[in-house]
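# Examination of the molecular architecture
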Amino acid sequence: SEVMFSPEAYALAEGLVSKAYINQGSQATARRSKLVTSLLSERRLPKDGWDDHSIESFLSEAAMMDSNNFLDNVGVGEREARVYSPLVARRHWNLAHGIGRSGDVAAEQPKAAGSSLLNKLTNLLVADAMRIAGLEDMGPALVLPLATGMTLTLVLLAVKSKRPKTATKVVWCRLDQKTCVKAVLSAGLELVVVSPKLVGDQLCTDLHAVRAAVEAAGPSNVCCVVTSTSCFAPRAGDACSDVAKMCAELDVGHVVNNAYGVQATALCKEVTRAWRRGRVDAVVQSTDKNFMVPVGGAVVCSGKGNTEIVDAVRKSYPGRASISPVLDVLITLLSMGSDGWQRCLEDRRDVYEYMRTKLGECVGEFGERLLDTPGNPISMGVSLETHAKLSEDGDVSFFGSMLFSRCVSGTRVVAPGKRQDVGGVVFDGFGASHDAYPVPYFTAAAALGTTREDVDRFCAQLRKCFKDFRKKAAKRGREA
C-alpha cells in the first residue's frame, strides 16, 4: 500500500536507491493498492483470494483511520479505545472502538471511520458469499458479534415487537438441541413444540400439526413459527417453503434457523423458495460453521422483499458491538476469494458423497446400515440396532465415548428413552427429535472443511470401536 509512500516520497527515494528499483517497488505496492480500489468499487468477493500480507496491510491502514491511532489524538472521554496490553492491541489490529452506535449496530462511528468501513464491507462480502452459495433474491446481510442462539433471541424479540401484544407463543418444529429452546424462553416467549413425523427412517415436518398448533393457539396469539434447515440426521431440514406459505396465509411470523445451512446448496434453495413463495421474517446462520472462523458470530438476513425484521434487529442492538467476530469473517472471505469459497462448497459436496459411500461400506461389515435420510444434505445417521442387542442392557450410549477416546469428535450417539428437561420444557426421547425413534443410532456430518482423509481415518477408528465393542460384549457373555 502507498499510505507511507506518496509520489513525492518515491521521487525522493530515488535519491537513495536506483530509480529502476524504486519503480519496480512502487509498481508492486500499486498492485496491492488496486486490490483495495477494486474491493471498494465492486463491493463483492474478489475473484482470487488475497495473500496474507495484502490483508494485513489493508487492516493496518483501516486501523489508522480510527481516532485512537491518530498521531496527534488527545482523548479525554470515558471511551477512547484505550488498551493496556500491547499484545491485546496487536491481536485486534489496534481496532478497539468496536462497531455501531447505541441506536444502530451498523451505524457509522465518528471516532472509527476505519472500523465502520470494515464492518460495512464485511456485510457486503457475506451477502455475496451467501448469494454464491444459493441464497437468491436476498436482502442485506447483517453480521452480528453474537453466536446463533443469542442472535435468535434478538430476532425473536424483534418479531415480538411487530406482533400484537397477545402474540406470546412460538410454534417450534422440534429439533433436539437446547439452543433454540433457550432462545425462545430468553425472549420471554412460550414454546409450543410440534414434533416431526416419521417417514421411513426420516423425520419430516408435520405441516398439518404446525397448522393445528397455530390455529389452536389463535394466529393473533402466535409470535412466529420457527423452522430449521441444517440439523442432525435422521431429521430432515424443514419444509420451509410450505411453512412460509402457511404463515403468509395465517398472518404469523416465520423465523428460519439456518445455523449451518449456507454450506448446502439444497438448503439454500429451500430458503430461497420460502421467501419467494411465502413469509419469512428472518433467517439466522452461524459464521463459524459456514465460514470456518472461531465461534462468536452470526448472520441475519431475509428476502429482499421483507427486510423489516432485519432492520429492527440492527436498530435494537443495545450499545456498541465487538468487531472481532466481524473481522474474522472479513479476513477469511478476503483470503478465500469467490473462487476459493466456491471450491470449499464443491469440496464439501464431494466429501458428503464420499462419506456416505465409505461409511455405508464400513458399518455394513458389522451388521449396521446408513439411515435413509435424503432430506439432510450434511448429516447422516448410522443404526446401532445390532450392537444394542449385543449389549447387556441394550444401552449403546457409551459408544460415543469409545469414539471420542480414539480422537473422533463430533459424533452423537442417540439411544431411545432419554427424558430431558430444558428450561422447564420436558422432552421424551431427547436427542432424536422424536418421542420414540425406533432404533438407536449415531450421527456424523460432512460439514464444510471435512476432508476425504478425515473420512478414511474416521472409518478406520470406527472399525476398531465396533470390534472392541463386540469383544467386550462377548466377554460379558462368557462371564454370565
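Everything in this summary refers to the structure shown in the same document. (Residues numbered from 1 in each chain as written. Predicted model: local features only at pLDDT ≥ 70, side-chain atom pairs only at ≥ 80, totals over all residues. Heavy atoms only, no water.)

## Details of the side chain of aspartate 66
Its place among the elements puts aspartate 66 in the loop between helix H3 (52–63) and helix H4 (86–91). Buried charge aspartate 66 goes without a salt bridge, the closest partner of opposite sign being arginine 79 at 8.8 Å. Of note is the side chain of aspartate 66, whose polar atom sits 2.9 Å from the backbone nitrogen of glycine 114. Residues in contact with aspartate 66, not counting those within four places in the same chain, are Leu95, His97, Lys111, Ala112, Ala113, Gly114 and Ser115. (Helix = DSSP H or I, 4+ residues; strand = E, 2+ residues; numbered from the N terminus. Buried < 20%, exposed > 50% of the residue type's maximum accessible area, 1.4 Å probe, protein only. Lys, Arg positive; Asp, Glu negative; His and termini not counted. Salt bridge = Lys/Arg side-chain N within 4 Å of Asp/Glu carboxyl O. Polar contact = N/O pair within 3.5 Å; in protein donor to acceptor, adjacent residues only side chain to side chain. Contact = heavy atoms within 4.5 Å.)

## A word on the sheet that holds strand S8 (residues 282–286)
Ordered in space as S1-S9-S8-S7-S6-S2-S3, the 7 strands form an open sheet in which the pairing is mixed. In this open sheet, the two strands that pair with only one neighbour each are strand S1 (142–144) and strand S3 (190–194). Neighbour to neighbour, the strand axes of the sheet diverge by 25° on average, direction disregarded. (Pairing = 2+ DSSP bridges. Axes fitted to C-alpha atoms, helices over the stretch in contact; angles between N-to-C directions.)

## A few points about the pattern of salt bridges
Enumeration according to the criterion identifies 27 salt bridges in this entry. For glutamate 308, the salt bridge identified is with lysine 162, shortest N-O distance 4.0 Å. Here lysine 162 lies in helix H6 (residues 148–162) and glutamate 308 lies in helix H12 (residues 308–316), a separation of 146 residues in the sequence. Assessed through its relative accessible area of 43%, glutamate 308 is described here as partly exposed. Of the charged contacts in the structure, one is a salt bridge between arginine 463 and glutamate 365, with a shortest N-O distance of 2.9 Å. Pair noted here: arginine 463 is in helix H16 (residues 452–479) and glutamate 365 is in the loop between helix H13 (324–364) and strand S10 (379–383), with a separation of 98 residues, a long-range link. On the basis of relative accessibility, which here comes to 26%, the residue arginine 463 falls in the partly exposed class. One continuous salt-bridge network, built from bridges that share partners, spans Glu136, Asp137, Arg276 and Lys304.

## Remarks on the sheet that holds strand S14 (residues 441–445)
Pairing is antiparallel across the open sheet formed by 3 strands, whose spatial order is S10-S14-S11. Edge positions in the sheet fall to S10 and strand S11 (412–414), since each has one partner strand and no second. Geometrically, the sheet is characterised by an average inter-axis angle of 25° between neighbouring strands, direction not taken into account. Where H13 meets the sheet, it contacts S10 and S14, and its direction lies at approximately 5° from that of S10.

## As for the packing of aromatic side chains
Under the criterion given, the structure shown has 12 aromatic pairs. Measuring from centroid to centroid gives 5.6 Å for phenylalanine 427 and phenylalanine 430, while their planes differ by 55°, and the two rings are tilted. Phenylalanine 427 sits in the buried class, given a relative accessible area of 2%. On the basis of relative accessible area, phenylalanine 430 is assigned to the buried category, the value being 10%. When the centroid spacing of 6.5 Å and the interplanar angle of 90° are considered together, the rings of phenylalanine 442 and phenylalanine 458 count as edge-to-face. Of this pair, phenylalanine 442 sits in strand S14 while phenylalanine 458 sits in helix H16; the two residues are 16 residues apart in sequence, bridging distant segments of the chain. There is no split in this pair, since phenylalanine 442 and phenylalanine 458 are both buried. In textbook terms, an aromatic cluster arises when at least three aromatic residues are bridged by ring pairs, as seen for Phe366, Phe398, Phe399, Phe442, Phe458, Phe466 and Phe469. (Phe/Tyr/Trp six-rings, centres within 6.5 Å; stacked < 30°, edge-to-face > 60°.)

## With respect to a nonpolar patch on the surface
Residues Leu16, Val17 and Tyr21 make up a contiguous nonpolar surface patch of roughly 370 Å² in combined accessible area. Along the chain, the position of leucine 16 falls in the loop between helix H1 (7–13) and helix H2 (19–42). Residue leucine 16 is classed as exposed on the basis of its relative accessible area of 77%. (Patch = residues over 30% accessible without salt bridge, like charges linked within 9 Å, V, L, I, M, F, W, Y side chains within 5 Å. Areas by Shrake-Rupley, 256 points an atom, 1.4 Å probe, with all protein chains shown as cover.)

## Observations regarding helix H5 (residues 113–133)
Owing to its 3.6 residues per turn, the α-helix aligns residues three or four sequence positions apart on the same side. In this model, H5 (21 residues) spans 30 Å end to end at C-alpha, consistent with the 30 Å of a helix rising 1.5 Å per residue. Of all 21 residues that make up H5, 15 are buried, and the element is covered over most of its length. Glycine 134 sits one or two residues past H5 and shows a positive phi near 125°. (Expected span 1.5 Å × (residues − 1).)

## A short note on the state of the cysteines
For the coordinates displayed, the defined rule picks out 0 disulfides. The cysteine cysteine 240 is free of any disulfide, with cysteine 173 supplying the nearest cysteine sulfur at 8.2 Å. Counting only cysteine sulfurs, cysteine 362 is the nearest neighbor of cysteine 459, a cysteine outside any disulfide, at a range of 4.7 Å. (Disulfide = S-S within 2.5 Å.)

## Some thoughts on the pairing of strand S13 (residues 425–428)
Only one face of S13 is covered, namely the face carrying Val425 and Phe427; the face carrying Val426 and Asp428 is uncovered. Relative to S13, strand S12 (residues 419–422) is paired through 4 bridges, and the arrangement is antiparallel. By the bridge assignment, glutamine 420 is partnered in S13 with phenylalanine 427. Between S12 and S13, which pair antiparallel one after the other, the connecting turn spans 2 residues, and glycine 423 there sits at a positive phi close to 60°.

## Structural notes on the environment of threonine 148
With respect to the helices and strands, the residue threonine 148 is situated in helix H6. Threonine 148 sits 84 residues away from phenylalanine 232 along the chain, and the two C-alpha atoms are 16 Å apart. Non-local contacts of threonine 148, meaning those with residues more than four positions away in its chain, are made with Asn257, Ala259, Val284, Ser286 and Ala298.

## Looking at the pairing of S3
For strand S2 (residues 169–173) and S3, the ladder comprises 5 bridges, and the chain directions are parallel. Bridge assignment links tryptophan 172 to a residue of S3, and that residue is valine 193. Note that the unit made of S2, helix H7 (residues 178–186) and S3 has a crossover that is right-handed. (Right-handed = clockwise from strand over helix to strand, strands pointing away.)

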